[in-house]
Amino acid sequence: AGAMTVLVSALFSSSQRVREYAVGTIWNAVLGHDGNIIGMQKANGVSALVHIVKGGSTLAQQWAAAALAAVCAIDAVHADVFMCRGVTPLVSLVSRDSPSRTCEFALSALSGCVRNEQNLRLFEEG
């Protein structure tokens, strides 16, 4: 998870371009690759992606939502999304004037997190 730790750290860079490239690289790394998802999870990547969803550039928000959609394919990641209060920021990408792809990725992440009935109670963040 060494490279993933570096990528997750780059999500907090002062450079918008670095953050965008880092989130795009994470998205590509986790898409369909369970090992990279686990590495990202160990590097606190879910929380970092939620941080980008909350306040990144439009492009970074889209790619962060896409990465979250990819990682939410693994049930073990759902709790991380809820614990770092990631539902509300994802919903905000759907409920405001976001590009359609951003909405699609946010909805896919939300759908992945709530697809098991046991997680539905967690959907209420309070």
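Look above for the structure.
Treat the numbers as computed from the prediction; the structure is a model and nothing was measured. (Residues numbered from 1 in each chain as written. Predicted model: local features only at pLDDT ≥ 70, side-chain atom pairs only at ≥ 80, totals over all residues. Heavy atoms only, no water.)

Considering the side chain of E20
- Here E20 lies in helix α2 (residues 16–30).
- Apart from the residues lying within four places of it in its own chain, the contact partners of E20 are S57, L59, A60 and W63. (Helix = DSSP H or I, 4+ residues; strand = E, 2+ residues; numbered from the N terminus. Contact = heavy atoms within 4.5 Å.)

Focus: the packing of helix α5 (residues 58–71) against helix α8 (residues 100–114)
- Contact geometry of α5 with α8 gives a least axis separation of 8 Å together with a crossing angle of 30°. What the angle tells us is that α5 and α8 run roughly parallel. Handedness of the α5/α8 crossing: left-handed. Facing Q62, A65, A66, L68 and A69 of α5, the residues of α8 in contact are R101, T102, F105, A106, S108 and A109.
- Partitioning the contact of α5 with α8 into residue classes produces 7 nonpolar, 3 polar and 1 charged. (Axes fitted to C-alpha atoms, helices over the stretch in contact; angles between N-to-C directions. Parallel < 35°, antiparallel > 145°, perpendicular 65-115°, else oblique. Left-handed = near helix turned anticlockwise from the far one by under 90°. Nonpolar A, V, L, I, M, F, W, Y, C, P; charged D, E, K, R; others polar.)

Section: the packing of aromatic side chains
- The tally for this structure, following the rule as stated, stands at 2 aromatic pairs.
- Geometrically, the ring pair formed by W27 and W63 is tilted, given 6.4 Å between the ring centres and 40° between the ring planes. With a gap of 36 residues between them, W27 in helix α2 and W63 in helix α5 connect regions that are remote in the sequence.
- In this structure W63 comes out as partly exposed when scored by relative accessible area, which is 23%. (Phe/Tyr/Trp six-rings, centres within 6.5 Å; stacked < 30°, edge-to-face > 60°. Buried < 20%, exposed > 50% of the residue type's maximum accessible area, 1.4 Å probe, protein only.)

Here's the deal with the nonpolar core
- By size, the foremost hydrophobic cluster in this structure holds 43 residues, and its most contacted members are L11, I26, V30, M40, L49, L68 and L90.
- Elements that contribute at least two residues to this core include exactly α1 (2–10), α2, α3 (34–42), α4 (45–55), α5, α6 (75–83), α7 (87–95) and α8.
- Other than its neighbours up to four places away in sequence, M40 contacts M4, V8, I26, V30, G45, V46, L49 and V71. (Core = buried A, V, L, I, M, F, W, Y, C linked by side-chain atoms within 4.5 Å.)

A few points about α6
- Along α6, the residues that are buried comprise V77, H78, V81 and F82. An end-on view of α6 places all buried positions within 145° of arc, on one side of the element. Counted as exposed and oriented over 90 degrees from the buried face of α6: A76 and M83.
- In the segment just after α6, R85 is the residue with positive phi, at about 55°. (Arc of directions from axis to C-beta.)

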